[in-house]
Amino acid sequence: MKEVKVLLVDDDLVTNFVSTKAIKAIIENVQISSAINGKIAFELLQNNLEKKEPLPDIIFLDINMPIMDGWEFLNALIELNNPLLLTSIIYLYTSSVYKEDINKAEQYSIVKRIISKPFTFEKIKEIFQENSLL
């Protein structure tokens, strides 16, 4: 099976560490990158596009981050208007379960779903299975 590429975008380093360990415990052939804000993640994706390198299969995107939050990241992706970016599956991954955030997330066609922190093994399995990556 091909290598699965995952991008974690979260300013919480502990969450990135724990998420990485949990994903690696379930997915054997996985490459995980992380970015501590949307700006770094956006630049990483732009770099991949410029170098014609593969984009992440799945992006787990926190909403509340400094410098560039999840909403600003999504708007920047949409503004870039590159169809290759649509190959990445984006999940909003947040501790916020506010109805406003859920409603706002539904307005972005590039967001598959909003999921709440923390990851559970069951949730990871479900996400990777529903996207045929497991």
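Please refer to the structure placed before this passage.
Bear in mind that the values here come from a model prediction, so they are computed numbers and not experimental data. (Residues numbered from 1 in each chain as written. Predicted model: local features only at pLDDT ≥ 70, side-chain atom pairs only at ≥ 80, totals over all residues. Heavy atoms only, no water.)

## Notes on the pairing of strand 1 (residues 4-9)
Within strand 1, six of the six residues are buried, leaving the element largely enclosed by the surrounding structure. The sheet contact formed by strand 1 and strand 3 (residues 58-61) spans four bridges and is parallel. Looking at strand 3, one finds that Val6 is bridged to Ile58. (Buried < 20%, exposed > 50% of the residue type's maximum accessible area, 1.4 Å probe, protein only. Helix = DSSP H or I, 4+ residues; strand = E, 2+ residues; numbered from the N terminus. Pairing = 2+ DSSP bridges.)

## Some points on the packing of aromatic side chains
Tallied over the full model, the rule gives six aromatic pairs. Note on Phe60 and Phe119: the rings are 4.9 Å apart at their centroids and 85 degrees apart in plane angle, and the pair reads as edge-to-face. Within this pair, whereas Phe60 is found in strand 3, its partner Phe119 is found in the loop between strand 5 (111-116) and helix 5 (121-130), the two being separated by 59 residues in sequence. Like Phe60, the residue Phe119 is buried in the burial classification. Aromatic pair Tyr93 and Phe119: ring centres 4.4 Å apart, planes at 25 degrees, arrangement stacked. Taken together, the residues span a long stretch of sequence, with Tyr93 in strand 4 (residues 89-94) and Phe119 in the loop between strand 5 and helix 5 at a distance of 26 residues. Accessibility assignment for this pair places Tyr93 and Phe119 in one class, buried. Here the aromatic cluster, defined as three or more aromatic residues joined through ring pairs, consists of Phe60, Tyr91, Tyr93, Phe119 and Phe128. Positioned above the aromatic ring of Tyr93, the side-chain terminus of Lys117 is 5.6 Å from the ring centre. (Phe/Tyr/Trp six-rings, centres within 6.5 Å; stacked < 30°, edge-to-face > 60°. Lys NZ or Arg CZ within 6 Å of the ring centre and 35° of its normal.)

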